[in-house]
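# What the coordinates show
So you can see what is in the structure, the chains are spelled out below.
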Amino acid sequence: MKDKPTVLYDVPGPRARRRNVLWSVLFLIALAAVVWWVVTSLADKNQLEWSKWAPFFTDARVWETYILPALKNTVIAAALSMVIALPLGALLGILRLSDHRAVRAVAGTVVEFFRAIPVLILMLFANAAYSEFTDISPDTRPLYAVVTGLVLYNASVLAEVVRAGILALPTGQTDAAKAIGMRKGQTMAHVLLPQAVTAMLPALVSQLVVIVKDTALGGAMLGFSELLASVRPMSANYGANTIASFTVVAVIFVALNFALTTFASWLERRLRRGKRSTGAVVGAEAVEELATPGEHPETPR
């Protein structure tokens, strides 16, 4: 009996299945060989000795002196950047959809300019500007520079995400809002944005993960005491355990980003259960307020 084709592809036949199994086995063998080579190389360089890993399990000072303060700085920088970049990006994305050409041009110029500059250069420029034109303390200046660079770059990227999410909605939603007399601002706030939120969440979360990881740039170039920057002093004070320090820091970054994506997945499921993605419902009172008897609804501009 012939295998029935699926919607997207034909079910592989016996030869294709054997070929897929062969490639899978070869890949696993190659992966095992790479893992064996890495472990052997680390063992030859004494990087797997317990003495290099023990401080993370037996010495609380490693966490109290280096990891936890650095983690706090990373979370502060990432949180501030997210809180500022999200609304700023949403505003720029909406302005890029304005009916006024001048507004679209200004918003588009800002977005394209900051999106084209590497975030590290933005941080360096911000640090130099704060040093030259402000009296911000040198101790806190790296934090300001990191947050400024992350906000400028990621707000411009998020603006495109918001714009794409709104443009992806069916045009009938806007037409229906116009038919009941809603202004463009009301249509955007009560009809388009609530529907676009769930569609934009995966891209938004991806950009938020980028923000968390890019805080490491501040430690590399500006002396910002973030998580990755804690590797050097830990390695210097605990027997050149560079590999162990990098591994612990990498695991913490993975945990942070996993928590962020898990929360976003929960939020997306909650929004879908609340049927927000199907469109906002305008009550009779709102319609009466928009178009009272004897008055024509205002024509959307």
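Residues numbered from 1 in each chain as written. Predicted model: local features only at pLDDT ≥ 70, side-chain atom pairs only at ≥ 80, totals over all residues. Heavy atoms only, no water.

### Some words on the pattern of salt bridges
Pairing is possible between side chains of opposite charge, provided their charged atoms come close. Note the cut-off: One speaks of a salt bridge when a side-chain nitrogen belonging to Lys or Arg is within 4 Å of a carboxyl oxygen belonging to Asp or Glu. Only protein chains enter the accessibility calculation, which uses a 1.4 Å probe; a residue whose area is less than 20% of its type maximum is buried, one above 50% is exposed, and one in between is partly exposed. In this description a helix means any DSSP run of H or I spanning at least four residues, a strand means any run of E spanning at least two, and both kinds are numbered starting from the N terminus.
Scanning the entire structure with this criterion turns up six salt bridges. Put simply, Asp-59 and Arg-61 hold a salt bridge, and the shortest N to O gap is 3.1 Å. On the accessibility criterion, Asp-59 (13% relative accessible area) is buried. With its nearest N and O atoms 2.9 Å apart, the salt bridge here joins Glu-112 to Arg-115. Remark: Arg-115 and Glu-112 occur in helix α5 (residues 101-116); sequence separation between them is three residues, near one turn of the helix. By relative accessible area, Glu-112 is classed as partly exposed at 34%. For Arg-115, a relative accessible area of 32% corresponds to the partly exposed category.

### Observations concerning the packing of helix α4 (residues 60-95) against helix α9 (residues 184-221)
Note the following rule: All axes here are fitted lines through C-alpha atoms, helices being fitted over the stretch that makes contact, and every angle between N-to-C directions spans 0 to 180 degrees. A crossing counts as left-handed when the near helix is turned anticlockwise from the far one by less than a right angle, and as right-handed when that turn is clockwise. Residues count as neighbours in contact if any of their non-hydrogen atoms are within 4.5 Å of one another. Charged means Asp, Glu, Lys or Arg here, nonpolar means Ala, Val, Leu, Ile, Met, Phe, Trp, Tyr, Cys or Pro, and polar covers whatever is left, Gly included.
Where α4 meets α9, the axes come as close as 10 Å, and the angle between the chain directions of the two elements is 145°. For the crossing formed where α4 meets α9, the hand is right-handed. Across from Thr-74, Ala-77, Ala-78, Ser-81, Met-82, Leu-86 and Ile-94 in α4, the residues of α9 making contact are Met-188, Leu-193, Leu-204, Leu-208, Ile-211, Val-212 and Thr-215. Residues belonging to the contact of α4 with α9 are distributed by class as follows: 11 nonpolar, three polar and no charged.

### Re the side chain of Asn-154
Spelled out, the test is: Polar contacts, as counted here, are pairs of nitrogen or oxygen atoms within 3.5 Å of one another; within protein the pair requires one atom able to donate a hydrogen and one able to accept it, and residues that are adjacent in sequence qualify only if both atoms are side-chain atoms.
As for its position among the elements, Asn-154 is in helix α7 (residues 141-167). From its side chain, Asn-154 meets the backbone oxygen of Leu-150 in a polar contact 2.7 Å long. A polar atom in the side chain of Asn-154 sits 2.6 Å from the side chain of Gln-207. Residues within four places of Asn-154 in sequence aside, it is in contact with Ala-85, Gln-207, Val-210 and Ile-211.

### Observations concerning unusual backbone geometry
What is expected of a backbone is that most residues other than glycine have negative phi and most peptide bonds are trans. At Asn-46, a residue that is not glycine, the phi angle is positive and equals roughly 60°. Considering the arrangement of structural elements, one finds Asn-46 in the loop between α1 (14-44) and α2 (50-53). Residue classification places Asn-46 among the partly exposed residues on the basis of a relative accessible area of 38%.

### Structural notes on the packing of aromatic side chains
A ring pair, where both rings are aromatic, is described by two values, the distance of the centres and the angle of the planes. The condition that has to hold: Aromatic pairing here means that ring centres of Phe, Tyr or Trp (its six-membered ring) are within 6.5 Å. Orientation follows from the plane angle: under 30 degrees is stacked, over 60 is edge-to-face, and everything else is tilted.
Applying the stated criterion to the full structure yields five aromatic pairs. Arranged with centres 6.5 Å apart and planes meeting at 85°, the rings of Tyr-66 and Tyr-238 form a pair that is edge-to-face. Of this pair, Tyr-66 sits in helix α4 while Tyr-238 is found in the loop between α10 (231-237) and α11 (242-273), placing the two residues 172 residues apart along the sequence. Here Tyr-66 falls in the buried class, since its relative accessible area comes to 18%.

### Description of α5
Condition: Helices are assigned an expected span. That span is 1.5 Å times one less than the residue count. The directions from the helix axis to the C-beta atoms form the arc being described.
Taking 1.5 Å of rise per residue, the 16 residues of α5 would be expected to cover 22 Å, and the 22 Å separating its terminal C-alpha atoms lies within 8% of that figure. The complete set of buried residues in α5 reads Ala-107, Gly-108 and Val-111. Seen from one end, α5 has its buried residues packed into an arc of 100°, which puts them on one side. Of the exposed residues in α5, the ones pointing more than 90 degrees away from its buried face are Arg-101, Ala-102, Val-106, Thr-109 and Ala-116. In this fold, the buried residues of α5 make contact with α4 and α7.

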